Amino acid sequence: MAGRYGVILLFPLLFMMGFQSEGPLCMFQPDQLPETWGPPGRIHQTLSQAAWSPAEAADAEHAVRRGLDELAQFFDAHPDIAATLDTDTVESLIDPAYAAGNMPELRAEARAAATKALNSVAAPYLAGEPATASCDDAERLLKFSAFAQQLGPSTSRTAKMAAFTNSALRACGSLAGAMGYDYHQKLNAAPVTNDDLWGMVMWSIEFTDAQAVPGLNLPAGAAALPSELWRFLSHYPLTGARAYPDGARNQTFRQTAYLVTHLAYIPTGYGRYSIYLDDAPYLYRFLRENFYPVLEMGELDLTAEFVDLFRQYGCTEKNDLQVRDGTRYLLKLFHSAHDTWMDYREPDEPAAISDYDRIHKPWTGISGVRARVPEPAAPGTYGSVVRAWMGAPH
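Residues numbered from 1 in each chain as written. Predicted model: local features only at pLDDT ≥ 70, side-chain atom pairs only at ≥ 80, totals over all residues. Heavy atoms only, no water.

Quick notes on the overall build of the protein chain
For the protein chain, the count of helices and strands is 19 helices and zero strands. Expected size for 394 residues packed as a compact globule is a radius of gyration near 21 Å; at 21 Å, the protein chain falls within 12% of this value. Taken along its principal axes, the extent of the C-alpha atoms in the protein chain is 60 × 45 × 40 Å. When each of the 394 residues of the protein chain is scored for burial, the buried share is 56%. Carbon together with sulfur atoms contributes 56% to the accessible area of the protein chain, which is approximately 16,000 Å² in total. (Helix = DSSP H or I, 4+ residues; strand = E, 2+ residues; numbered from the N terminus. Rg over C-alpha atoms; globule rule 2.2 N^0.38 Å. Buried < 20%, exposed > 50% of the residue type's maximum accessible area, 1.4 Å probe, protein only. Areas by Shrake-Rupley, 256 points an atom, 1.4 Å probe, with all protein chains shown as cover.)

Structure follows, in structure tokens:
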């Protein structure tokens, strides 16, 4: 990923307009939005501006259930692909169970499918000896350990994965050995590349998850990475779509946008927990300012990730214009592919796409249209680890 230049953002305008810094900031009327957050573009004009209806809510639920069925059936029919996609297979199935207390049947089905996938792709470890783990296994094992802890109730499976992970991390010898570099040196380099930042964001999520796994011992310095990266990125320049002649279609912008959405997954744990304006005002502004350019560009995956994050601020189709527009657009794409996510293709996309790109459509599509109830940051959870260094929302 390439480097970026700065952009002037609207932090003072939030307060000039009387916005509060407490709780979620959801805006329903177009005249509530600052000019650069507003809804220009042809796609917005094609979407109904009527109130969100019970029928649409049911339609969104149908699209969510259909997406989970697509993923589960795809992996059942293609165990070789499930094995190749490995941790992504499990993660795509477990994500719909996050913050799904309002859809208990869906949560149970997602957890069952994810458990089946974990038992399959992690089988060599579950049947093996922890002493055989190598440093090359460390990142994969961190993910497997987190999945095992989240899925329960098998404490023996979690203990086995934690033992393997500990063995792999010991083989690495240090945090730098596990990551493949000294992240302090990367952050002090000039410039820091998007590729490097992306890698550190992924490690931050994995190291945070690991702290909620009983018996898993991280190398010295690992627990500090998420907070240090978070502070670093609060001063890192992010260039919005309007800075480019081709807008959100610009490849550098798209790389930036995906970095930002995944940065937001550090506090939310991929949608499990709420995120707040005070956590990172610049992050919220970037998402708001760039939503309509992203919608105009029209890519299913990126649009879904933006809407997904607005939901994690507490916004819904009933109280937020961008969520309503984004959800209606995503459902439009879903129906255009005859009620499938996997069969949808972007206008410039070939019919044959990679297996990862194929599963990524329902994976993100589900998150974009799914109503949710954030999980509490209870002691011992991923959320409590984040709040310990982030601070309680205020």
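Let's talk about the state of the cysteines
By the definition in use, this model includes two disulfides. Residue Cys26 pairs covalently with Cys315 via a disulfide, S to S 2.2 Å. Judged by the torsion about the S-S bond (-90°), the Cys26/Cys315 disulfide is left-handed. Taken together, the residues span a long stretch of sequence, with Cys26 in the loop between α1 (11-16) and α2 (42-46) and Cys315 in the loop between α16 (300-312) and α17 (321-336) at a distance of 289 residues. (Disulfide = S-S within 2.5 Å.)

Things to note about the packing of helix α5 (residues 87-94) against helix α18 (residues 355-369)
The contact between α5 and α18 brings their axes to 10 Å, and the two run at 15°. The angle between α5 and α18 falls in the class roughly parallel. Like other packed secondary-structure pairs, α5 and α18 cross with a definite hand, here left-handed. Here Asp88, Glu91 and Ser92 of α5 lie close against α18, whose contacting residues are Tyr356, Ile359 and Trp363. Residues of the contact of α5 with α18, tallied by class, amount to three nonpolar, one polar and two charged. (Axes fitted to C-alpha atoms, helices over the stretch in contact; angles between N-to-C directions. Parallel < 35°, antiparallel > 145°, perpendicular 65-115°, else oblique. Left-handed = near helix turned anticlockwise from the far one by under 90°. Contact = heavy atoms within 4.5 Å. Nonpolar A, V, L, I, M, F, W, Y, C, P; charged D, E, K, R; others polar.)

Considering the nonpolar core
Ranked by internal contacts, the top residues of the largest apolar core, which has 124 residues, are Met179, Leu197, Met200, Leu229 and Leu283. Counting residues per element, this core draws most heavily on helix α15 (residues 281-297), which supplies ten residues. (Core = buried A, V, L, I, M, F, W, Y, C linked by side-chain atoms within 4.5 Å.)

Quick look at unusual backbone geometry
A cis amide bond links Gly152 to the next residue, Pro153, at an omega of -15°. Within the secondary structure layout, Pro153 lies in the loop between α8 (138-151) and α9 (155-172). Cis geometry marks the peptide bond from Ala190 to Pro191, where omega comes out at -5°. Checked against the element boundaries, Pro191 lands in the loop between α11 (183-188) and α12 (194-210). We note that Asp86 has phi near 55°; this positive angle belongs to a residue other than glycine. Mapped onto the elements of the fold, Asp86 is located in the loop between α4 (79-85) and α5.

A few points about the confidence of the model for the protein chain
Within the protein chain, residue pLDDT values average 92, and 94% of them lie at 70 or more. Contacts for the low-pLDDT stretch residues 1-24, under 50 throughout, to residues beyond four places or in other chains number 56 contacts. (pLDDT = per-residue confidence, 0-100.)

Focus: the packing of aromatic side chains
Inspection of the entire model under this criterion finds 15 aromatic pairs. Between Tyr265 and Tyr270, the aromatic rings sit 5.2 Å apart at their centres with planes inclined by 45°, giving tilted as the arrangement. For the pair Tyr265 and Tyr270, a shared accessibility class is recorded, and that class is buried. A connected cluster of aromatic rings, assembled from ring pairs, spans Trp37, Tyr284 and Tyr313. A cation sits over an aromatic face here: Arg272 above Tyr98, 4.6 Å from the ring centre. When the ring centre of Tyr382 is taken as reference, the NZ or CZ atom of Arg272 above it lies at 4.6 Å. (Phe/Tyr/Trp six-rings, centres within 6.5 Å; stacked < 30°, edge-to-face > 60°. Lys NZ or Arg CZ within 6 Å of the ring centre and 35° of its normal.)

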